[in-house]
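Listed below are the residues making up each chain.
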Amino acid sequence: MENKERFYKALQKNNGQFNETDLGEMMGIDPDETRKIIVELLSEYKIEYKENKACNYNIIKSSGTGKNKF
């Protein structure tokens, strides 16, 4: 899904300046598709629900160690 990767990168750069729906609309993504993208990113643990200024989602920063240490 090309829009998902574009939205994810834009969300990283957004830094809470715009809410997620407005950000998607500025990119030409309709609100329904934006919600689907958010659901996918949440399920992939790339974002979390956390108020960040105007935005309700925040990028999850990876520790770089991976999930399985053993």
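Computed from a predicted structure; not experimentally measured.

Quick look at the overall build of the chain now. Counting its secondary structure elements, the chain contains three helices and two strands. Mapped from its N terminus to its C terminus, the chain presents α and β elements in the order α-α-α-β-β. Within the span of the chain, comprising 70 residues, buried residues form 31% of the whole. Excluding contacts between residues fewer than 6 apart, the proportion of contacts in the chain whose partners are at least 24 apart in sequence is 47%. Element-wise, carbon and sulfur atoms account for 48% of the exposed surface of the chain, whose accessible area totals about 5100 Å².

Quick look at the pattern of salt bridges now. Overall, the coordinates contain four salt bridges when judged by the stated rule. Ionic pairing is found between Glu 40 and Lys 4, a salt bridge with its closest N-O pair at 3.5 Å. Placement of the pair is Glu 40 in helix α3 (residues 31-43) and Lys 4 in helix α1 (residues 2-14), with a sequence separation of 36 residues. A salt bridge links Lys 46 to Glu 44; its shortest N-O distance comes to 3.7 Å.

To continue, consider the nonpolar core. One broad trend across soluble globular proteins is that nonpolar side chains are buried collectively. In terms of nonpolar packing, the biggest core is built from 14 residues, with Phe 7, Leu 11, Leu 23, Met 27, Leu 41 and Ile 47 touching the most fellow members. Of all elements in the fold, only α1, α3 and β2 (55-59) reach the threshold of two or more residues within this core. Take this core: its biggest share by element is four residues, from α1. In contact with Phe 7, other than residues within four places in its own chain, are Glu 20, Leu 23, Gly 24, Met 27, Ile 29, Thr 34, Ile 37, Ile 38 and Leu 41.

Under the counting rule described, the total for this entry stands at one aromatic pair. Taken together, a centroid distance of 5.5 Å and an interplanar angle of 80° make the contact between Tyr 49 and Tyr 57 edge-to-face. Using a relative accessible area of 16% as the deciding quantity, one classes Tyr 57 as buried. For Lys 46, the ring lying beneath its charged end belongs to Tyr 8, and the centroid distance is 5.4 Å.

The next thing to look at is the packing of α1 against α3. Between α1 and α3, the shortest axis-to-axis distance is 10 Å and the interhelical angle comes to 75°. Classed by the angle they form, the pair α1 and α3 counts as roughly perpendicular. Residues Asn 3, Lys 4, Phe 7 and Tyr 8 of α1 lie in contact with α3, whose contacting residues are Glu 33, Thr 34, Ile 37, Ile 38, Glu 40 and Leu 41. A class-by-class count of the residues in the contact of α1 with α3 yields five nonpolar, two polar and three charged.

Reading the values: rules and limits
Residues numbered from 1 in each chain as written. Predicted model: local features only at pLDDT ≥ 70, side-chain atom pairs only at ≥ 80, totals over all residues. Heavy atoms only, no water. Helix = DSSP H or I, 4+ residues; strand = E, 2+ residues; numbered from the N terminus. Buried < 20%, exposed > 50% of the residue type's maximum accessible area, 1.4 Å probe, protein only. Contact = heavy atoms within 4.5 Å. Areas by Shrake-Rupley, 256 points an atom, 1.4 Å probe, with all protein chains shown as cover. Salt bridge = Lys/Arg side-chain N within 4 Å of Asp/Glu carboxyl O. Core = buried A, V, L, I, M, F, W, Y, C linked by side-chain atoms within 4.5 Å. Phe/Tyr/Trp six-rings, centres within 6.5 Å; stacked < 30°, edge-to-face > 60°. Lys NZ or Arg CZ within 6 Å of the ring centre and 35° of its normal. Axes fitted to C-alpha atoms, helices over the stretch in contact; angles between N-to-C directions. Parallel < 35°, antiparallel > 145°, perpendicular 65-115°, else oblique. Nonpolar A, V, L, I, M, F, W, Y, C, P; charged D, E, K, R; others polar.

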